[in-house]
Amino acid sequence: MIAATPMAQQANHALPTGFQLDEYRIERQLSLGGFSIVYLATDAQGKEVAIKEYLPNSLALRGEGEICPTITPEHLPAFRYGMKCFFEEGRALARLSHPNVIRVLNFFRANETVYMVMEYEHGRTLQEFVQKNRPAITENFMRNVFTRLLNGLREVHSHKLLHLDLKPSNIYMRNDHTPLLIDFGAARQTLAADTPMLKPMYTPGFASPEHYQQRELLGPWSDIYSVGASMYACLAGSAPQAADTRLDKDQLIPAMVRWEHEYSDQLLETIDWCLSLNHLYRPQSVFALQKALTEPVLPRPAKREAGWIGQIVGKLKKKTASK
Amino acid sequence: MKFTIFQESRRGRRANNEDRLGYCYSRDALLMVVADGMGGHYYGEIAAQIAVQTLTGAFQREALPQLQDPFLFLQKAISNAHSAIRDYSSEQRLNDSPRTTVVACIVQDNVAYWAHAGDSRLYLMRDGRMLARTRDHSRVQLLIDQGAISEAQATSHPERNRIWSCLGGEQAPEIEFSRKTPLENGDVLVLCSDGVWGPMPGELMAMSLKDANLMQAVPMLLSQAEVRAGTHADNLSMIAVRWEDSYFDQTTSAVSTKTMPIDAITTHLDQFGRNPAYKSELTDDEIERAIAEINHAIQKFSK
Ligand SMILES: Nc1ncnc2c1ncn2[C@@H]1O[C@H](COP(=O)(O)OP(=O)(O)OP(=O)(O)O)[C@@H](O)[C@H]1O
Ligand SMILES: [Mg+2]
């Protein structure tokens, strides 16, 4: 028998606008994730900051009009354990001071949970940017954005940290098109591999094969796979085939094939290089990858026809135009 | 046919996992099954295993590539599974025949057909909401239907595990069938055992699965259910499928069966992973220290 059941909203409620949180005033909610809420707030000097509130949906519920989340005694151990993971993100970021890595300003405890205060950045995620500005994804854009982003990643790696969750939605684009790394939530992975509620979460399409199979092989090359996948996604507009299914049957069309003549061979080869399934065949360091991305593009014969899809689209357009 | 599917089963806090699950598909039809076994001495898992194997076996023989009559198929296969469990227990001379619930669903021509006996559930989610679900064959469900107790009271009711229909018992199972239910692009079907739905409201599952990547969302939901259930966590099993018939981009992990030969069948039964219990909590002191340490690092590295 089928029965429709009434809906009850279960998502967490954000703190209200105007709420005085420690020395900050909440302006509005920026995002709601499964693990946290991000707010725009202002500090005592009126400067804008972004504040990430630890609030795992499954363990802590904040109803409408409430300030402190309800955490039942049975969930408290898991809630506290997850907090450790949130601290890991804070620890990782606190040690990094780099123009291409989001800056942490403060960390504090309130409302029975914890908060991470970050520099507020004007912009949007690379994912949003790509979706809204497809024509802007030129050869130069790709090289500029990723070379700078790699500066940030180099800094991460030089602190013996791995990001492990690089993807366009965790890369932030300032309005001046400089990229920065946000969301080091995956730092929790190392720690969380053995807790059920915080099981390592990798994003299919962006996570390297090692993420799925042999986690002891994780290294800078794993983040490099994710950089390659992110570059691929910028061109494709969607995530590439996930590494685990590629291991089964690799159906990923190489960038070289898919965008030949639209971007330089050298850029496309570099993307394919990063996306090698075998970690040993990828660039082994961010530096090696950066070198490939900053090498001058070889002069190429005058632009030929776009790929076959481009040709068909071109023809269709002409037809409708002539009507 | 185009869909994304993911399944996972966990032991929870129980000594062993008596849930079994599996799916298989041909070019034109998909079958999913979840069975939750009961009975001492590991026989519960055998009953569940027999149920899943009987259904997937029948599917492999009959879905070539379509089933003639999906409801008839479900009815026959579930009855056969019941008989197979009875046969097994008489061969083994078991006094107390092992039993199992079953919930099974066929999708063919973009229409879903499901059937169940016991308290393993099927949910149909659309746009982040629960559109339909099976009614448990349990005492508490009867009490709820009579208005004697509320849904909320049911979750802690001492008799919540008592079911009046199952496979393998003295009496033949009462099998309840759905209607033919046309699917829309983006619909999510969830089959799960009570270890999942007990601690996890269906609304929450529906929201979490909306537009989510199933490979991430299913493990996350299981983890959440496990945490919510705490030390009493039962075995947890879940299969979720997102129907994506007109989904365009082929570079996702979606399964496209168009290129499969007519007689090919792909079957996935689950292997059982072990799940270490999570580590101990933080004390108030440790929290204060962690915060102080992070703030110290912020000061030190900000120059
Ligand atoms: N410092 C910041 N400045 C401006 N916007 C930010 C900042 N930090 C986060 N955001 C916004 O909030 C969104 C979510 O942030 P983030 O990726 O850190 O969290 P999340 O993915 O929800 O995290 P989690 O996985 O921990 O739940 C970002 O996509 C971005 O739009
Ligand atoms: Mg994020």
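Residues numbered from 1 in each chain as written. Chains lettered and ligands numbered in written order. Predicted model: local features only at pLDDT ≥ 70, side-chain atom pairs only at ≥ 80, totals over all residues. Heavy atoms only, no water.

The name given to chain B in an unreviewed UniProt entry is Serine/threonine protein phosphatase PrpC, with Rhodocyclus tenuis as the source organism.

Under an unreviewed UniProt entry, the name given to chain A is Protein kinase domain-containing protein, and the source organism is Rhodocyclus tenuis.

The subject of this paragraph is the overall build of chain B. Helix and strand counts for chain B stand at eight helices and 14 strands. A buried classification covers 59% of the 303 residues belonging to chain B. Considering only contacts within chain B whose residues lie at least 6 apart along the sequence, 75% involve residues at least 24 apart. On chain B, roughly 13,400 Å² of surface is accessible, and the fraction owed to carbon and sulfur atoms is 47%. (Helix = DSSP H or I, 4+ residues; strand = E, 2+ residues; numbered from the N terminus. Buried < 20%, exposed > 50% of the residue type's maximum accessible area, 1.4 Å probe, protein only. Contact = heavy atoms within 4.5 Å. Areas by Shrake-Rupley, 256 points an atom, 1.4 Å probe, with all protein chains shown as cover.)

Turning to the overall build of chain A, a few remarks are in order. Across its full length, chain A carries eleven helices and nine strands. Looking at chain A as a whole, 53% of its 323 residues are labelled buried. Carbon together with sulfur atoms contributes 55% to the accessible area of chain A, which is approximately 14,500 Å² in total.

All right, on to the coordination of the magnesium ion (ligand 2) then. Residues and elements named next belong to chain A. Protein coordination at the magnesium ion (ligand 2): the donors are Asn170 (OD1) and Asp183 (OD), at 2.3 Å from the metal. Residue asparagine 170 is found in the loop between helix 3 (139-158) and strand 8 (171-174), and its partner aspartate 183 is found in the loop between strand 9 (179-181) and helix 4 (187-192); the two are separated by 13 residues along the sequence. Judged by its relative accessible area of 4%, asparagine 170 falls in the buried class. Here aspartate 183 falls in the partly exposed class, since its relative accessible area comes to 22%. (Donors = N, O, S within 2.8 Å, 3.2 Å for Na, K, Ca; no water.)

This brings us to the nonpolar core. If you look at the biggest cluster of nonpolar residues, it comprises 98 residues, and the most contacted ones within it are Leu21, Phe87, Val114, Ile137, Met142 and Phe146 of chain A. Formed jointly, this core draws a minimum of three residues from each of two domains, domain 1 (20-119) and domain 2 (123-299) of chain A. Apart from the residues within four sequence positions on either side, phenylalanine 87 of chain A is in contact with Phe107 and Val114 of chain A together with Leu282, Ile287, Ala290, Ile291 and Ile294 of chain B. Core analysis: the next-biggest nonpolar cluster, separate from the first, contains 32 residues, Ala29, Val33, Ala104 and Ala117 of chain B among them. (Core = buried A, V, L, I, M, F, W, Y, C linked by side-chain atoms within 4.5 Å. Domains from an automatic or database assignment.)

Turning our eyes to something else, we now look at the packing of aromatic side chains. All names here are of chain B. Here the structure, examined in full by the defined rule, presents 16 aromatic pairs over all chains. Ring plane angle 5° and centroid distance 5.6 Å describe the contact between phenylalanine 3 and tryptophan 243, whose orientation is recorded as stacked. Here tryptophan 243 lies in strand 12 (residues 236-243) and phenylalanine 3 lies in strand 1 (residues 2-10), a separation of 240 residues in the sequence. Just above the ring of tryptophan 197 sits the side chain of arginine 121; from NZ or CZ to the centre is 3.5 Å. (Phe/Tyr/Trp six-rings, centres within 6.5 Å; stacked < 30°, edge-to-face > 60°. Lys NZ or Arg CZ within 6 Å of the ring centre and 35° of its normal.)

This brings us to the pattern of salt bridges. Opposite charge on two side chains allows them to pair when their charged atoms are near. Using the criterion set out here, one finds 25 salt bridges over all chains in the structure. Here arginine 91 of chain A and glutamate 293 of chain B are joined by a salt bridge, their closest N and O atoms 2.8 Å apart. Note that arginine 91 of chain A is positioned in helix 1 (residues 76-94) and glutamate 293 of chain B in helix 8 (residues 284-301), a pairing that runs across two chains. In this structure arginine 91 of chain A comes out as partly exposed when scored by relative accessible area, which is 23%. The closest approach of N and O atoms between lysine 132 of chain A and glutamate 128 of chain A, which form a salt bridge, is 3.8 Å. Linking lysine 132 of chain A with glutamate 128 of chain A, this pair stays in helix 2 (residues 126-132), spanning four residues, or about one helical turn. Judged by relative accessible area, lysine 132 of chain A falls into the exposed class, the value being 57%. (Salt bridge = Lys/Arg side-chain N within 4 Å of Asp/Glu carboxyl O.)

Fine structural detail should not be taken from predicted coordinates in areas where pLDDT scores are low. Residue and element names in this part refer to chain A. For chain A, per-residue confidence averages 82 on the pLDDT scale, and residues scoring 70 or more make up 83% of the total. Note that residues 188-200 has pLDDT below 50 and, in this model, 45 contacts with residues that lie over four places away or in other chains. Here residues 301-323 is modelled with pLDDT under 50, and outside its nearest four sequence neighbours on either side it reaches seven contacts, counting other chains as well. (pLDDT = per-residue confidence, 0-100.)

Another point: unusual backbone geometry. In this model, leucine 64 of chain B is joined to proline 65 of chain B through a cis peptide bond whose omega is -5°. You will see that leucine 164 of chain A, though not glycine, has its phi angle at about 70°, which is positive. Among the secondary structure elements, leucine 164 of chain A is positioned in the loop between helix 3 and strand 8. The phi dihedral of histidine 177 of chain A falls on the positive side, at around 70°, and the residue is not glycine. We classify histidine 177 of chain A as partly exposed; its relative accessible area is 34%.

Let us look at the sheet that holds strand 7 (residues 123-125) of chain A. Residue and element names in this part refer to chain A. Spatially, the three strands line up as an open sheet ordered 7-8-9, and their pairing is antiparallel. At either margin of the open sheet sits one strand with a lone partner, and together these are strand 7 and strand 9. Each strand axis lies, on average, 30° off the axis of its neighbour in the sheet, ignoring direction. Looking at chain direction, strand 8 and strand 9 are connected through three bridges and run antiparallel. Pairing of tyrosine 172 across the sheet is with leucine 180, part of strand 9. (Pairing = 2+ DSSP bridges. Axes fitted to C-alpha atoms, helices over the stretch in contact; angles between N-to-C directions.)

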